[in-house]
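# Coordinate analysis (summary)
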Amino acid sequence: MTDTRVEGPAEFRTDTPAGLRIRLLQEEDWDAVVALEERAYAASGLSEGREALRSRHRASPDTCFVLEHAGGVGGYLLALPYPLFRCPDLGRNEDGDGAGERPTNLHAHDLVISEDLRGRGLSLRMLRHLEETARAAGYRTASLVAVRGSHVLWTPLGYRARPGIRLPESYGTRAVYMAMPLDAVPVRPLPHSTDPVPGPHPRAEVG
């Protein structure tokens, strides 16, 4: 779900903290990731829980990242290969059987930035990092599910809403499936951050 759950643009800020880096998610990060996810989604009934989150990571550990800040986790992005126009059900774990050919679409399932780092464009930075990773790995498209009306933020970034795609009920009534071809030239950033205030982002809402 790529709040990839975003609710509205934040005021543009230039005070990006020093010492930030995006790296692959590691075993010791899980407590921080689960805490961020619960704060972002529990109140709206969209929280998946630790085992579901870990199953997304197991499905594609090379496309799941954290935003490291001051020795801790300031955000995370979980993505996994998924057939175009389909997405994970928040109420089910990935089965992890690995059968069949790998889809050519990379789905940005969940993107959350910690409360103290929002409003600095870090969600956009993480999403662009994922798109670069996807291009290098040969994926042809990227997708996400925008929840709680956040699709208006992802449209200027190149993602096209597909309102005709039926989504699992677990995403709620305002969720919209979105996709973007990865051979397209990336759209220039907006003159404001895409970090949600006060809520999180893509389940993207980067569902």
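Right, let's talk about helix α1 (residues 30-41) for a bit. The first and last C-alpha atoms of α1 sit 16 Å apart over 12 residues, in line with the 16 Å expected at 1.5 Å per residue. Regarding α1, the residues found buried are W30, V33, V34, L36, E37, A40 and Y41. Seen from one end, α1 has its buried residues packed into an arc of 160 degrees, which puts them on one side. The inward-facing, buried residues of α1 contact α2 (50-59), β2 (64-69), β3 (72-81) and β4 (105-113).

Summarising burial for β4: nine of the nine residues are buried, a large majority. Relative to β4, β3 runs antiparallel, the two sharing seven bridges. Paired with G75 across the bridge in β4 is I113. Looking at chain direction, β4 and strand β5 (residues 141-146) are connected through three bridges and run parallel. Each residue of the ladder has a partner; that of L106, found in β5, is A142.

Time to look at the sheet that holds β3. Judged by pairing direction, the sheet is mixed, and its seven strands sit side by side in the order β1-β2-β3-β4-β5-β7-β6 without closing on themselves. The open sheet is flanked by β1 (21-24) and β6 (160-161), the only strands paired with a single partner. Alignment of β1 against β2, held across four bridges, turns out to be antiparallel. Its bridge partner being in β2, R23 is matched across the sheet by V66. Its contacts with the sheet place α1 against β2, β3 and β4, and it is angled at close to 85 degrees to β3. Contacts between α2 and the sheet are confined to β2, β3 and β4, with β3 contributing the most and set at about 60 degrees to the helix.

Next up on the list: the pattern of salt bridges. Two side chains with opposite charge may pair up if their charged atoms get near one another. A full pass over the atoms with the stated rule returns nine salt bridges. Its salt-bridge partner being E68, residue R23 comes within 2.6 Å of it at the nearest N-O pair. Within this pair, whereas R23 is found in strand β1, its partner E68 is found in strand β2, the two being separated by 45 residues in sequence. Salt bridges here are not isolated pairs; linked through shared partners, they connect R21, R23, D29 and E68.

Considering all chains together, one arrives at one aromatic pair under this definition. R102 extends its terminal NZ or CZ atom over the ring of Y139, reaching a point 3.9 Å from the ring centre.

Mapped onto the elements, D110 comes out in strand β4. Judged by relative accessible area, D110 falls into the buried class, the value being 0%. Among the polar contacts made by the side chain of D110, one reaches the side chain of Y76 at a distance of 2.6 Å.

Right, let's get into unusual backbone geometry. Of note, F85 is a non-glycine position whose phi angle comes to about 75 degrees, a positive value. For F85, the location among the structural elements is in the loop between β3 and β4. Since its relative accessible area comes to 33%, F85 is described here as partly exposed. Here the phi dihedral of R148 falls at roughly 55 degrees; this positive angle occurs in a residue that is not glycine. Along the polypeptide, R148 turns up in the loop between β5 and α4 (151-154).

Reading the values: the criteria
Residues numbered from 1 in each chain as written. Predicted model: local features only at pLDDT ≥ 70, side-chain atom pairs only at ≥ 80, totals over all residues. Heavy atoms only, no water. Helix = DSSP H or I, 4+ residues; strand = E, 2+ residues; numbered from the N terminus. Expected span 1.5 Å × (residues − 1). Buried < 20%, exposed > 50% of the residue type's maximum accessible area, 1.4 Å probe, protein only. Arc of directions from axis to C-beta. Contact = heavy atoms within 4.5 Å. Pairing = 2+ DSSP bridges. Axes fitted to C-alpha atoms, helices over the stretch in contact; angles between N-to-C directions. Salt bridge = Lys/Arg side-chain N within 4 Å of Asp/Glu carboxyl O. Phe/Tyr/Trp six-rings, centres within 6.5 Å; stacked < 30°, edge-to-face > 60°. Lys NZ or Arg CZ within 6 Å of the ring centre and 35° of its normal. Polar contact = N/O pair within 3.5 Å; in protein donor to acceptor, adjacent residues only side chain to side chain.

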